[in-house]
Amino acid sequence: MKKQFSMAIAGTFVALGISAASAGTLDTIKQRGQLVCGSNAGLAGFGIPNEQGKWAGFDVDYCRALAAAVLGDAEKVKYVPLSAKDRFAALQSTEIDVLPRNTTWTLSRETSGFLFAATNYYDGQGFMVKKSLGVNSAKDLDGATICVQQGTSHELNLSDFFRSLGKKYQILTLATIDEAKNAYDGGRCDAFTSDSSQLYGVRLSLKNPDEHVVLPEIISKEPLAIAVRQGDDQWFNVVKWTYFALVQAEESGVTQANVDEMVKSDKPDIKRLLGTEGDFGKQLGLDNQWAYRAIKQVGNYGEIFDRNLGSQSKLKIERGLNALWTKKGLQYAPPIR
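Structure report, in brief. (Residues numbered from 1 in each chain as written. Predicted model: local features only at pLDDT ≥ 70, side-chain atom pairs only at ≥ 80, totals over all residues. Heavy atoms only, no water.)

A look at the overall build of the protein chain
- Within the protein chain one finds 14 helices and twelve strands.
- A compact globule built from 337 residues should have a C-alpha radius of gyration of about 20 Å, and the protein chain, at 20 Å, falls within 12% of that.
- C-alpha extents for the protein chain along the principal axes are approximately 60 × 45 × 40 Å.
- Among the 337 residues that make up the protein chain, the fraction classed as buried is 53%.
- Across the protein chain, the fraction of contacts at a sequence separation of at least 24, relative to all contacts at a separation of at least 6, is 70%.
- Of the accessible surface of the protein chain, which amounts to about 15,100 Å², a share of 51% is contributed by carbon and sulfur atoms.
- For the protein chain, the centre of its 39 positive side-chain charges and the centre of its 38 negative side-chain charges are spaced 1 Å apart. (Helix = DSSP H or I, 4+ residues; strand = E, 2+ residues; numbered from the N terminus. Rg over C-alpha atoms; globule rule 2.2 N^0.38 Å. Buried < 20%, exposed > 50% of the residue type's maximum accessible area, 1.4 Å probe, protein only. Contact = heavy atoms within 4.5 Å. Areas by Shrake-Rupley, 256 points an atom, 1.4 Å probe, with all protein chains shown as cover. Lys, Arg positive; Asp, Glu negative; His and termini not counted. Charge placed at Lys NZ, Arg CZ, Asp CG, Glu CD.)

Quick notes on helix α9 (residues 233-252)
- Look at α9: 27 Å from first C-alpha to last across 20 residues, which is about the 28 Å you get at 1.5 Å a residue.
- In terms of burial, α9 is largely enclosed, as 15 of its 20 residues are buried.
- Two residues or fewer past α9, glycine 253 is found with a positive phi of approximately 80 degrees. (Expected span 1.5 Å × (residues − 1).)

With respect to the sheet that holds strand β8 (residues 144-149)
- Strand order in this open sheet of five strands is β9-β8-β10-β7-β11, and the pairing throughout is mixed. Where the open sheet ends on each side, the last strands, each with one partner, are β9 (169-174) and β11 (212-214). Strand-to-strand twist of the sheet, defined as the mean angle between neighbouring strand axes without regard to direction, takes the value 30 degrees.
- As paired strands, strand β7 (residues 125-130) and β11 are joined by three bridges and run antiparallel to one another. By the bridge assignment, methionine 128 is partnered in β11 with valine 214.
- Together, β7, β8, β9, β10 (191-195) and β11 form the strand contacts of helix α7 (residues 177-185), whose direction differs from that of β8 by roughly 160 degrees. (Pairing = 2+ DSSP bridges. Axes fitted to C-alpha atoms, helices over the stretch in contact; angles between N-to-C directions.)

Quick notes on α7
- The complete set of buried residues in α7 reads Ile177, Ala180, Lys181, Ala183, Tyr184 and Asp185.
- Tucked into the core, α7 has its buried residues touching β7, β8, β9, β10, α8 (196-204) and β11.
- Trailing α7 by a residue or two, glycine 187 shows a phi angle of about 85 degrees, which is positive.

Some points on the state of the cysteines
- Under the counting rule described, the total for this entry stands at two disulfides.
- Here cysteine 37 connects covalently by a disulfide to cysteine 63, the sulfurs 1.7 Å from one another. Note that cysteine 37 is positioned in strand β1 (residues 35-40) and cysteine 63 in helix α3 (residues 58-71), a separation of 26 residues in sequence.
- Take cysteine 37: its relative accessible area is 0%, and that puts it in the buried class.
- Here cysteine 63 falls in the buried class, since its relative accessible area comes to 1%.
- Note that cysteine 147 is cross-linked by a disulfide to cysteine 189, the S-S spacing being 1.9 Å. Looking along the S-S bond of the cysteine 147-cysteine 189 disulfide, the torsion reads about -100 degrees, which is the left-handed sense. Pair noted here: cysteine 147 is in strand β8 and cysteine 189 is in the loop between α7 and β10, with a separation of 42 residues, a long-range link. (Disulfide = S-S within 2.5 Å.)

Quick word on the sheet that holds strand β6 (residues 114-123)
- Spatially, the three strands line up as an open sheet ordered β5-β12-β6, and their pairing is antiparallel. Sheet topology places β5 (99-104) and β6 at the edges, where each strand pairs with a single neighbour. Shown here is a sheet whose adjacent strand axes are inclined to one another by a mean of 35 degrees, direction ignored.
- The strands touched by α3 within the sheet are β5, β6 and β12 (222-229), with β5 carrying the most contacts at an inclination of about 140 degrees.
- Across the face of the sheet, α9 comes into contact with β6 and β12 while running at roughly 20 degrees to β6.

As for the environment of valine 202
- With respect to the helices and strands, the residue valine 202 is situated in helix α8.
- When sequence neighbours within four positions are dropped, the list of residues in contact with valine 202 reads Leu43, Met128, Ile177, Lys181 and Phe192.

A word on unusual backbone geometry
- Although it is not a glycine, threonine 94 sits at a positive phi angle of roughly 70 degrees.
- Along the chain, the position of threonine 94 falls in the loop between α4 (87-92) and β5.
- Here lysine 328, not a glycine, exhibits a phi torsion of approximately 70 degrees, which is positive.
- With respect to the secondary-structure elements, lysine 328 resides in the segment after α14 (301-308).

Side note on the side chain of arginine 101
- As for its placement among the helices and strands, arginine 101 is situated in strand β5.
- Aspartate 59 provides the closest opposite charge to the buried, salt-bridge-free arginine 101, at an N-O distance of 7.4 Å. (Salt bridge = Lys/Arg side-chain N within 4 Å of Asp/Glu carboxyl O.)

Section: the side chain of asparagine 322
- Residue placement: asparagine 322 occurs in the segment after α14.
- With relative accessibility at 2%, the residue asparagine 322 sits in the buried group.
- Of note is the side chain of asparagine 322, whose polar atom sits 2.7 Å from the backbone nitrogen of tyrosine 122.
- Here asparagine 322 is in contact with Asn120, Tyr121, Tyr122, Tyr301, Phe305 and Gln331, once residues within four sequence places are set aside. (Polar contact = N/O pair within 3.5 Å; in protein donor to acceptor, adjacent residues only side chain to side chain.)

By themselves, these are just geometric observations and shouldn't be taken as functional.
Okay, structure coming up:
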């Protein structure tokens, strides 16, 4: 039954994707004068309204950079808060233009009418528990009740993990991240599982954050990636190369503060990035200052990471795998040439 349902959904998505792609997403956005971006319903560090009611976060800043590249203004974005179970339907139905909302890149998703432009955050599934539980390892959670959000890849990962250990567990599935968080905080489950990065954000929103700890184990690969509909290659390229431009900017030492000076650089890679050599922006359907605007208005990948997730944020997450390849990480941009 589950397999038949998945195949039916996949077929519907593919059919819808052909219709949606024929409109030309890039042209639609230009005519509309606004980018419509899928976001978390409220996750610290990734996407949440700040004290002034303005959306902020790692994924939000990517949307801003994309709007700057396409429309010339990072503020021309509408954010649509989405739960995990609703995010793909919103993308496929054209309710949103792009989905950078911490979503794991998987084969089944990419064969159901979607494409993943790039992995913007390398993550893995972890566990959070109350310190009072006295648990130092996820391997000690035998018989535990674990809260998980519906519509994520975490449910299958849980099954694989406990089955491999020969241990039992109970699962409590909640529709939204807030419901799962509240169930855990209210004592309905012993542990809360999600992407490790998400756990750090959730922990900050608990009643007593210091009473909880994220366990050290990572039980899965979770390449969080930016998704678009299949069938619109031009938009796929714009989404992908805008992201790569932010990564290349960090590698080349181009920042929000120095980009105007860097425009004068004689280095070929910087000239191509900032539009003073070649017609790479025009090849995407944009102008040649697309990357310059994204960097000038939002910053490079490292700046976006640091202020939302890293050293300048409350989360203080280490770069780890999300460091540049030149610093033993996995973030790597193909050449603009």
